[in-house]
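# Descriptive structure summary
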Amino acid sequence: MANVRQFVTSALYAKEMPTDGKIELAFMGRSNAGKSSLINRLVGSKIAHTSGTPGRTQRLNFFAMKGWYIVDLPGFGYAKVSKAQREIFGQAVETYLTTRQPLIGGILIQDVRREPEEEELMVKKWAYDRNLYLAVVASKVDKLNQAERIERRKRLEAVYGTEVYFVSNRTAEGIAEVKGAILGLGLAI
Ligand SMILES: Nc1nc2c(ncn2[C@@H]2O[C@H](COP(=O)(O)OP(=O)(O)OP(=O)(O)O)[C@@H](O)[C@H]2O)c(=O)[nH]1
Ligand SMILES: [Mg+2]
């Protein structure tokens, strides 16, 4: 199949987004959480730009999978871009998440060392309210030792009230499980 596992387009407004109606899964999370890195790991090649500078992804980036799209969203909670700019993409993301028809759910990525904050809990509420799929992924587990992982898993699963996938985009630990969850939706990568 042509154009699979490739960047397709970046968009802010619905009129710039794909019109073929194929299913979309949104990758969401705080800036620098590792959204783009996770996409690259799942796909097995560097299709999404990653950066040590938070706020790198400032538009909704669409990547074609086999019959569906990964949508890499701008990270929330990023303070260094201008307020006006933040409002523009914040509004665009909100409109996308609340109105987009092909969107079946999201992957919420957070740094395993952080506590979930208001935005993460809002994502959970969004999925619940819209009756959409949500998988929670804790990234950067390579930064923790075994005892810390056990403690963080307990904590994060209690806060989210659901299983949390523990991954390292550096070592690829846990990536197969996230891939399995996506495959379980009938979506092939
Ligand atoms: N050690 C470690 N570093 C990671 C991991 N995942 C991402 N990083 C690093 O964290 C930084 C941010 O990763 P990105 O994937 O660009 O994060 P993002 O969520 O897409 O960020 P924005 O596009 O700014 O919203 C980069 O320097 C990555 O190399 C991980 O699992 N382990
Ligand atoms: Mg990114």
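Starting from 1, residues in each chain are numbered consecutively following that chain's sequence as written. Numbering of ligands from 1 and lettering of chains from A proceed in the order in which they are written. Thresholds applied to this predicted model are a pLDDT of at least 70 for local features of residues and 80 or more for the giving and counting of side-chain atom pairs; totals over whole chains, interfaces and linings are not thresholded and use all residues.

So, about the site of ligand 1. Proximity of a residue to a molecule or strand is defined by its backbone-placed C-beta atom lying within 6 Å of that partner. Residues in contact with ligand 1 amount to 23 residues; listed here are only the nearest, G34, S36, S37, T57 and G75. Per the convention used, a helix needs a DSSP run of H or I reaching at least four residues, while a strand needs a run of E reaching at least two, with both numbered from the N terminus. A total of 3 residues in the shell around ligand 1 trace back to one element, the largest contributor, which is helix α1 (residues 35–43). Each residue receives one of three labels: charged for Asp, Glu, Lys and Arg, nonpolar for Ala, Val, Leu, Ile, Met, Phe, Trp, Tyr, Cys and Pro, and polar for the others, Gly being one of them. Grouping the amino acids of the shell around ligand 1 by side-chain chemistry returns 2 nonpolar, 15 polar and 6 charged.

Turning next to the environment of R100. Mapped onto the secondary structure, R100 falls in the loop between α2 (83–99) and β5 (103–111). Put plainly, a residue is buried at 20 or more neighbouring C-beta atoms within 10 Å of its own, exposed at 12 or fewer, and partly exposed in between, counting only other residues' C-beta atoms, which are placed from the backbone. Classification of R100 by C-beta neighbours within 10 Å gives partly exposed; the count is 15.

Even without being a glycine, N32 presents a positive backbone phi close to 80°. Within the secondary structure, N32 sits in the loop between β2 (23–28) and α1. In this structure N32 comes out as buried when scored by C-beta crowding, with 21 C-beta atoms within 10 Å. Not every positive phi belongs to a glycine, and A172 is a case in point at roughly 80°. When you line up the elements, A172 lands in the loop between β7 (164–166) and α5 (175–183).

Checked against the element boundaries, Y13 lands in the loop between β1 (6–11) and β2. Residue classification places Y13 among the exposed positions, given that 12 C-beta atoms sit within 10 Å. The sequence separation of Y13 and A92 amounts to 79 residues, and the corresponding C-alpha distance is 6.4 Å.

End to end, α2 covers 24 Å across 17 residues, agreeing with the expected 24 Å (1.5 Å per residue, within 8%). Throughout, a residue-residue contact means that the two C-beta atoms, derived from backbone geometry, are no farther apart than 7 Å. The inward-facing, buried residues of α2 abut β2, β3 (60–64) and α3 (118–130). Between the first and last residue of a helix there are one fewer steps than residues, each counted as 1.5 Å, and that sum is the expected span.

Our focus in this paragraph is the sheet that holds β2. Paired strands are those between which DSSP finds at least two bridges. Pairing is mixed across the open sheet formed by 7 strands, whose spatial order is β1-β3-β4-β2-β5-β6-β7. At either margin of the open sheet sits one strand with a lone partner, and together these are β1 and β7. The mean inter-strand angle of the sheet, taken between neighbouring strand axes irrespective of direction, is 25°. Looking at chain direction, β5 and strand β6 (residues 133–139) are connected through 7 bridges and run parallel. Along β6, the bridge assignment pairs Q110 with A138. Angles shown run from 0 to 180 degrees and are taken between the N-to-C directions of axes, each axis being a line fitted to C-alpha atoms and, for helices, limited to the stretch in contact.

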